[in-house]
Amino acid sequence: MRQRGSQDTPELTRRQRWDKFRGDSRATMAGLPRAFGLVWGAHRGFTVSLALFAVVGGVIPAATAWVSKLLINAVVAAAARGGGPEWVRWVLVLVAAQFGLYLAGSLLQTLQTITQQALQELTGDRVQLTIMEHANRLDLAFFENPKFYDTLQEAQREASQRPLGMVQQVFSIARSLITFLSMIALMARLGWVVAAVALVAPVPSFIANSRYGWRGYWLARRQSSDRRRMIYFADLLTKDTYNKEIKLFGLGGHFIDRWKVIADRFYREHLALLTHRSLMGFLWGSLTTVVSSGTFLYVALQAIARRLTLGDLTLYTQAVSGVQSSFQGILGGFSSLYEGGLYLNNLFEFLDYEPAIRDRPDAVPLPRPLRAGIEFRNVSFTYPGKDTPALRGVSFSVGLDETLALVGQNGAGKTTIVKLLTRLYDPDEGEIFLGGRDIREYDLASLRQAVGVIFQDYVTYFFSASENIGVGRLADIADLAQVEAAAEKSGAAKAARRR
Ligand SMILES: Nc1ncnc2c1ncn2[C@@H]1O[C@H](COP(=O)(O)OP(=O)(O)OP(=O)(O)O)[C@@H](O)[C@H]1O
Ligand SMILES: [Mg+2]
């Protein structure tokens, strides 16, 4: 990755990276309540259940370790005393307790899986809905700006999984914390030095992990415009709209080749990151294994010297691995939280974008019938990101009973006039009057309803013919008589009959 041009993946100094990490962590924490809000809004009961499962699940490992210790000691004592009904009964009770714990553990796991999946689906739908509703509010300019469009795509791709992922991560950190504390309480008797060593071992792996998470995020972010291009190439080759040109100009192979180049680069970049990340994870993880083996040896020697019982040995073995795995769970949880937060910020970035074109608080409905026509007064407009204006000082008027045809070269600005009249954009300078008032004084819905537009790149919806006509005026879509009348008047009916 490093050798590739990394214009968007800045090679930062350690200091800058740390500042960036801190900034992103703060952003993650800021995003957390919003992620909670989304999940909570999807289903309260399921959210509470997941929290409860986490708490109960956190206690089980320590309880299991404790029961194992009692059981081993009971068995050893019973064997030493040559059996006896009261010892057998005690062993029976402990086995039953152990069985109960296992059963509870796996039941909990099952319930958690069900709840999680259900909540995932609900949250995914809710996020998708939020995205669609917000996109529905945004200006056309947003969709024509590649940067914002990438944010939208990224939000859409990642955001259905991430909010619940973040919340679950918090619960899993809580569960690990409970396990960790209860295990450390059991382990305290082993001696604090060993406990401390077991604690410190996973820290480097946490740092390595979060660093690679950061890189993965930047990679994904940089790739998002390439990803958009890939989707576009796939669209070109699989959608009816493009097929005739693609055939005629023989473009298919060319587009496929361009797709392949990007796909191949993706593969190499991902593989490099994955290999790095996994190998580093393995190396730091080995450190943990060395520590836990050392600890085990220490306790085993203590047991041989009879300073500890056989039950203690079992307890400590389980406690050591419990402490380490839960500590790793806590740190790993934070690093996933951090990574998830980076992705989720795309969603919030997108949701925070506010449309510039919207109703004024004192907006009035467009009066019908109109009492005055259209007037452009010295209107100028430049598309965002362009240097040359599409319209410069345009003035004209159309009376109520006049018909006007605009004729001009490609790119002269004819469509732009219609876009301004329908307030898909607002002019940079000048005013547009309709019915005697500036069109910005009308509410958008009534203004747009009054204008019928067929753009050059009009849309044919994959619905029935009558629905395609009906979407022209949604209020009457079910009124078949009106739809048929419109079809007759426009000649669409004749065309449909010929088919
Ligand atoms: N979404 C856009 N973003 C940036 N520039 C645009 C956009 N749409 C149009 N333009 C530019 O604005 C100018 C006017 O375009 P417009 O579409 O209004 O022309 P037109 O007269 O309708 O042309 P045609 O006869 O091809 O339909 C052109 O230079 C065009 O490239
Ligand atoms: Mg045009």
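Quantities reported herein were computed from a predicted structural model and do not represent experimental measurements. (Residues numbered from 1 in each chain as written. Chains lettered and ligands numbered in written order. Predicted model: local features only at pLDDT ≥ 70, side-chain atom pairs only at ≥ 80, totals over all residues.)

(A) A look at the site of ligand 1. Among the 13 residues in the neighbourhood of ligand 1, the closest are listed as Tyr383, Ala390, Lys414, Thr415 and Thr416. The element that contributes the greatest number of residues to the shell around ligand 1 is helix α12 (residues 414-421), accounting for three residues. In the shell around ligand 1, the residues fall into three nonpolar, seven polar and three charged. (Near = placed C-beta within 6 Å. Helix = DSSP H or I, 4+ residues; strand = E, 2+ residues; numbered from the N terminus. Nonpolar A, V, L, I, M, F, W, Y, C, P; charged D, E, K, R; others polar.)

(B) View of the pairing of strand β3 (residues 429-434). With five bridges joining them, strand β1 (residues 374-381) and β3 adopt antiparallel strand pairing. Opposite arginine 377, over in β3, you have glutamate 431 as the bridge partner. Judged from the two bridges that link them, β3 and strand β4 (residues 437-438) form a sheet pairing that is antiparallel. Bridging from a neighbouring strand, phenylalanine 433 pairs with aspartate 438 of β4. (Pairing = 2+ DSSP bridges.)

(C) Structural context of the sheet that holds strand β2 (residues 391-398). Read from one edge to the other, the open sheet built from four strands follows the order β2-β1-β3-β4, with strand pairing classed as antiparallel. Single-partner strands in this sheet number two, and they are β2 and β4. For β1 and β2, the ladder comprises five bridges, and the chain directions are antiparallel. Directly across from glutamate 375, in β2, lies its bridge partner serine 397.

(D) Spatial organisation of the domain arrangement of the chain. Once the domains are mapped, the chain shows domain 1 (17-351), domain 2 (358-453) and domain 3 (459-499). Taking the mean C-alpha position of each, domain 2 and domain 3 sit 27 Å from one another. (Domains from an automatic or database assignment.)

(E) Spotlight on α12. Here α12 has its buried residues at Thr416, Ile417 and Leu420. Around the axis of α12, the buried residues are gathered within 105° of arc, so they sit on the same side. Each element contacted by the buried residues of α12 is listed here: β1, β2 and β3. (Buried ≥ 20, exposed ≤ 12 C-beta atoms within 10 Å, placed from the backbone. Arc of directions from axis to C-beta. Contact = placed C-beta atoms within 7 Å.)

(F) Up close: the environment of leucine 119. With respect to the helices and strands, leucine 119 occurs in helix α3 (residues 85-137). Using a count of 21 C-beta atoms within 10 Å as the deciding quantity, one classes leucine 119 as buried. Apart from the residues lying within four places of it in its own chain, the contact partners of leucine 119 are Val39, Ala42, His43, Phe46, Thr47, Leu50 and Leu164.

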